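Residue-level structure breakdown
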Amino acid sequence: MEFSPRARQILLLLLKTEQPVHEQEIADTLGVSKRTIQREFEVLEGDLAKRKLTLDRVKGAGATLVGSPEGRQELLEELLGSQDSEWSDKEERRRHLLFELLRDRTPRKLFYYSQLLGVSEATVGSDMEALGAWLLKNNLTILKKPGYGVVLNGAESDYREAMRRFINENADGAEERLRGNDAVAGAVMNMADSGVYNLLNTDTINRVYKALNGLKEPRLKQLTENDYIGLVMHIAIGIERIREGGIMEENAELSESLESWEEYDLAVRILNAIESEFSIKIPDVELSYILLHIRGSKIQYSGSADTTLLDDIDAGDMVDLIDRMIGAYDPAYAYDLKRDEEFIRGLMVHLAPTFV
């Protein structure tokens, strides 16, 4: 069984030392949450057992890869071999690096990219220099500072235009709605999972569009472009994870509590259409996520004083949260902001989908 790219990064970090490595340290290095690392560990424990290795996890101390020197060496050779195979194509490696630079504007050390791509830091540095001309066409430059990391520098509009250009160059056979769309660029750039890169080189996104458009559902047509794109991306990523055997955690309590919602039947029809299009069985928990996405997309702020769309939300809870948010932002501005009715109303409507 092959390891996922993220699992390979985790294992390579653990193989560098025989001392415990804290989960948060791994999470910070890879740029993901601690919970994500914990989920990866749960999967890795079974895979490592097949290789006669053990993932020893001690609360407060960290995780250690336990096994014979021969077993550790065999695993290291396996990991490096799979990386070399995946990124031996220089142009493909640079495309992925470009995608990561555009998508994630968090300063990253060269080590992060070297682990992601399975090459040396020197190679990553060389690849970045090679990408300079491509980026410059969109007024973007690579900013490097010792101890700070590497990050792209440029205006928001230039980022979006660069991502649209990247999608146009790499999403072969994309439908007109996908090509050159600012909402698509925004959705891709906001995705936290680098697996989105692989979606651009498959027909998964287009087939999801096809399935949703074939439903001709008025409710879906009412979604804003960003919300519609977000739904497509969410479903497409879910499909890829199912294909790869990814874990979908069931939540029976959540599923039962949502059956009374008016959009429930629509979510069922979407799920059935996706299963028919891709000839796969999608876990029931995905129905809940689709429903939550649709429900959360319901509220759109028009700037009017009408807040009837917030009836499903406990206004007291939201006002209390906003009050604390403003106080945490800057006490010097808190007094004026808390009395700006237009600002408070707009913030309430903006946050409502998250509450849902």
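Just so it is clear, the model here is predicted, and its values are computed rather than measured. (Residues numbered from 1 in each chain as written. Predicted model: local features only at pLDDT ≥ 70, side-chain atom pairs only at ≥ 80, totals over all residues. Heavy atoms only, no water.)

Considerations on the pairing of strand β2 (residues 62-66)
Of all the five residues making up β2, four are buried; the element is thus mostly covered by neighbouring parts of the structure. In this sheet, β2 lies alongside strand β1 (residues 54-58) in antiparallel orientation, the contact comprising five bridges. From the neighbouring strand, D56 faces β2, where its bridge partner is T64. Taken together, β1 and the strand that follows it, β2, pair antiparallel across an intervening segment of three residues, in which G60 is found at a positive phi of about 90 degrees. (Buried < 20%, exposed > 50% of the residue type's maximum accessible area, 1.4 Å probe, protein only. Helix = DSSP H or I, 4+ residues; strand = E, 2+ residues; numbered from the N terminus. Pairing = 2+ DSSP bridges.)

Examining the packing of aromatic side chains
Tallied over the entire structure, the rule returns three aromatic pairs. An angle of 40 degrees between the planes, with centres 5.8 Å apart, marks the rings of F99 and F166 as tilted. Taken as a pair, F99 in helix α5 (residues 90-103) and F166 in helix α8 (residues 156-170) lie far apart in primary sequence, 67 residues in all. The side chain of R165 reaches across the aromatic face of W134, ending 3.7 Å from its centre. (Phe/Tyr/Trp six-rings, centres within 6.5 Å; stacked < 30°, edge-to-face > 60°. Lys NZ or Arg CZ within 6 Å of the ring centre and 35° of its normal.)

Some remarks on the packing of helix α13 (residues 225-243) against helix α15 (residues 264-278)
Orientation of α13 relative to α15, taken along the N-to-C sense of each, is 50 degrees, at an axis distance of 12 Å. As judged from the angle between their axes, α13 and α15 are oblique. Handedness of the α13/α15 crossing: right-handed. Touching I235, I239 and R243 of α13 are I270, I274 and F278, all from α15. Among the residues making up the contact of α13 with α15, the classes are represented as five nonpolar, no polar and one charged. (Axes fitted to C-alpha atoms, helices over the stretch in contact; angles between N-to-C directions. Parallel < 35°, antiparallel > 145°, perpendicular 65-115°, else oblique. Left-handed = near helix turned anticlockwise from the far one by under 90°. Contact = heavy atoms within 4.5 Å. Nonpolar A, V, L, I, M, F, W, Y, C, P; charged D, E, K, R; others polar.)

Here we look at the packing of α15 against helix α16 (residues 284-296)
Relative orientation of the contacting elements α15 and α16 amounts to 125 degrees, with a least axis distance of 9 Å. Put simply, α15 runs oblique to α16. When you trace α15 past α16, the crossing you get is right-handed. Residues Y264, L266, A267, V268, I270 and L271 of α15 form the contact with α16, whose own contacting residues are E286, L287, I290, L291 and I294. Within the contact of α15 with α16, the residues separate by chemical class into ten nonpolar, no polar and one charged.

Digging into the environment of T141
Counting through the fold element by element, T141 comes out in strand β3 (residues 141-145). Expressed as a C-alpha distance, the spacing of T141 and G154, which sit 13 residues apart in the sequence, is 6.8 Å.

Let's talk about the confidence of the model for the protein
When the pLDDT values of the protein are averaged, the result is 77; 78% of them are 70 or greater. Of all secondary-structure elements in the protein, the lowest mean pLDDT belongs to helix α14 (residues 252-258), at 62, while α15 reaches the highest, 92. Low pLDDT (under 50) marks residues 173-177, which in the prediction has twelve contacts with non-local residues, meaning those over four places away or in another chain. Contacts from residues 298-310, a stretch scored under 50 in pLDDT, to residues over four places away or in other chains number 24 contacts. (pLDDT = per-residue confidence, 0-100.)

Quick notes on the pattern of salt bridges
Under the defined criterion, the tally for this structure stands at eleven salt bridges. A salt bridge links R57 to E23; the shortest N-O distance between them is 3.2 Å. Placement of the pair is R57 in strand β1 and E23 in helix α2 (residues 23-30), with a sequence separation of 34 residues. Taking relative accessible area as the criterion, R57 reaches 31% and is therefore assigned partly exposed. Looking at E23, the relative accessible area reads 13%, which means it is buried. (Salt bridge = Lys/Arg side-chain N within 4 Å of Asp/Glu carboxyl O.)

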